[in-house]
Amino acid sequence: MVWFVLCFYSATLCVTRPRMLQWTGACQVGDKDPVRIALAAAIRIRTVRLRIQWTVVQFKVSQKILIVEDEKALRRNLEMFLGELGHKVRCAACGEDAVRLLHHEQFDIVITDIRLGDMDGLDLVRRINSRSSLIGILVMTAYGSPDSATEAFRSGAHDYILKPFPLDEIEQRINNIARYLDLQRQNAILREEIQRHR
């Protein structure tokens, strides 16, 4: 259904905006045949969709995850569990260590406690968001409240989980964040493709 709507929308653009005809690659400027235009648009959109799907597959092979947790046992358990799932995992025992790692390396997802020994975890969340909006952030806390959850999301966290939690729950939360980031990247690709041919 979404594919059909995109084809119809592109065909409309092709009629109203001649330069869009060149983008389809199968029509000449001035061609008003709606069937030819729709077919050309469908072929082009299919190509873009395949490009998106390939990008998503590449992205989903392995997430690079930073765990920021001052409790050694939990930090180690998360590192081992996520590593066994195929992710590349780095760890930081405090906020400053996390900042240094973020400065030198790129991460897909950051999992951080709210209460760190040297820094408020939400300050770290805000620092991450100031660097990139495409880093997924999962906040952990043993002191949950509606106010702290609201503040976490306002600071830029993508999800929020209460301790203690089963490891399969953290896996599900990470998968949800990864899917969200996938959609963000797909939208960026589509916007770039459309802008390039307007």
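Quantities reported herein were computed from a predicted structural model and do not represent experimental measurements.

### Comments concerning helix H7 (residues 146–155)
Part 1: All buried positions along H7 are accounted for by Ser 148, Ala 149, Ala 152 and Ser 155. The buried residues of H7 occupy an angular sector of 130 degrees when the element is viewed end-on, so they sit on one face. In this structure, H7 carries Pro 146, Asp 147 and Arg 154 as exposed residues pointing more than 90 degrees from its buried face.
Part 2: For H7, the elements touching its buried residues are helix H6 (121–131), strand E4 (136–141) and strand E5 (159–162).
Part 3: Positive backbone phi, at 120 degrees, marks Gly 156, one or two positions downstream of H7.

### Quick word on a negative patch on the surface
Part 1: Where like charges cluster on the molecular surface, the negative patch consists of Asp 70, Glu 71, Glu 96 and Asp 118.
Part 2: Given a relative accessible area of 42%, Glu 71 falls into the partly exposed group.

### Overview of the packing of aromatic side chains
Part 1: What the rule picks out here adds up to one aromatic pair.
Part 2: Each ring, one from Phe 153 and one from Tyr 160, has its centre 6.5 Å from the other, and the planes form 45 degrees; the classification is tilted.
Part 3: For Lys 64, the ring lying beneath its charged end belongs to Phe 107, and the centroid distance is 5.2 Å.
Part 4: The ring of Tyr 143 has Arg 115 lying over it, and the distance from NZ or CZ to the ring centre is 3.9 Å.

### What to know about the environment of Asn 176
Part 1: If you trace the backbone, Asn 176 turns up in helix H8 (residues 167–196).
Part 2: Put simply, Asn 176 and Gly 136 are 40 residues apart on the chain and 9.9 Å apart in space, counted from C-alpha to C-alpha.

### Thoughts on unusual backbone geometry
Part 1: Of the consecutive residues Lys 163 and Pro 164, the connecting peptide bond is found in the cis state with omega at -10 degrees.
Part 2: When you line up the elements, Pro 164 lands in the loop between E5 and H8.

### Brief notes about the nonpolar core
Part 1: The biggest cluster of nonpolar side chains holds 22 residues, and the ones touching the most others in it are Leu 66, Val 68, Leu 102, Val 110, Leu 124, Ile 128 and Val 139.
Part 2: Elements with a contribution of two residues or more to this core: strand E1 (64–68), helix H5 (95–104), H6, E4 and H7.
Part 3: Those residues in contact with Leu 102, other than ones at most four positions away along the chain, are Leu 66, Phe 107, Val 110, Leu 124, Ile 128 and Arg 131.
Part 4: Within the second largest apolar cluster, 17 residues are counted, among which are Leu 82, Ile 111, Phe 165 and Ile 170.

Analysis parameters
Counting starts from 1 at the beginning of each chain's written sequence and moves along it residue by residue. Reporting in this predicted model follows two pLDDT cut-offs: at least 70 for local features of residues, and 80 or more for side-chain atom pairs to be given and counted; totals over whole chains, interfaces and linings ignore these cut-offs and use all residues. No hydrogens and no water enter the side-chain calculation; it runs on all heavy atoms of the structure. Buried, partly exposed and exposed residues are distinguished by accessible area as a fraction of the type maximum, computed with a 1.4 Å probe on protein chains only: under 20%, between the cut-offs, and over 50%, respectively. Strands are runs of DSSP state E lasting at least 2 residues, helices are runs of H or I lasting at least 4, and numbering of each runs from the N terminus. In this description, the arc belongs to the directions extending from the helix axis to the C-beta atoms. Only heavy atoms enter the contact rule, under which two residues are in contact if any of them lie within 4.5 Å. Two joining distances apply to patches: 9 Å for like charges and 5 Å for nonpolar side chains (Val, Leu, Ile, Met, Phe, Trp, Tyr), and every residue must have over 30% relative accessible area and no salt bridge. What sets the accessible areas is the Shrake-Rupley method with a 1.4 Å probe; for residues, cover comes only from the shown protein chains. Each salt bridge in this description consists of a side-chain nitrogen of Lys or Arg and a carboxyl oxygen of Asp or Glu lying within 4 Å of one another. Residues counted as positive are Lys and Arg, residues counted as negative are Asp and Glu, and His and the chain ends are not counted. To locate a charge, take NZ of a lysine, CZ of an arginine, CG of an aspartate or CD of a glutamate. When two rings of Phe, Tyr or Trp (its six-membered ring) have centres within 6.5 Å they constitute a pair, described as stacked for plane angles under 30 degrees, edge-to-face for angles over 60, and tilted for the intermediate range. By the criterion adopted, a ring carries a charge over it if an Arg CZ or a Lys NZ lies within 6 Å of its centre and within 35 degrees of its normal. Each nonpolar core is a collection of buried residues, namely Ala, Val, Leu, Ile, Met, Phe, Trp, Tyr and Cys, held together in the definition by side-chain atoms within 4.5 Å.

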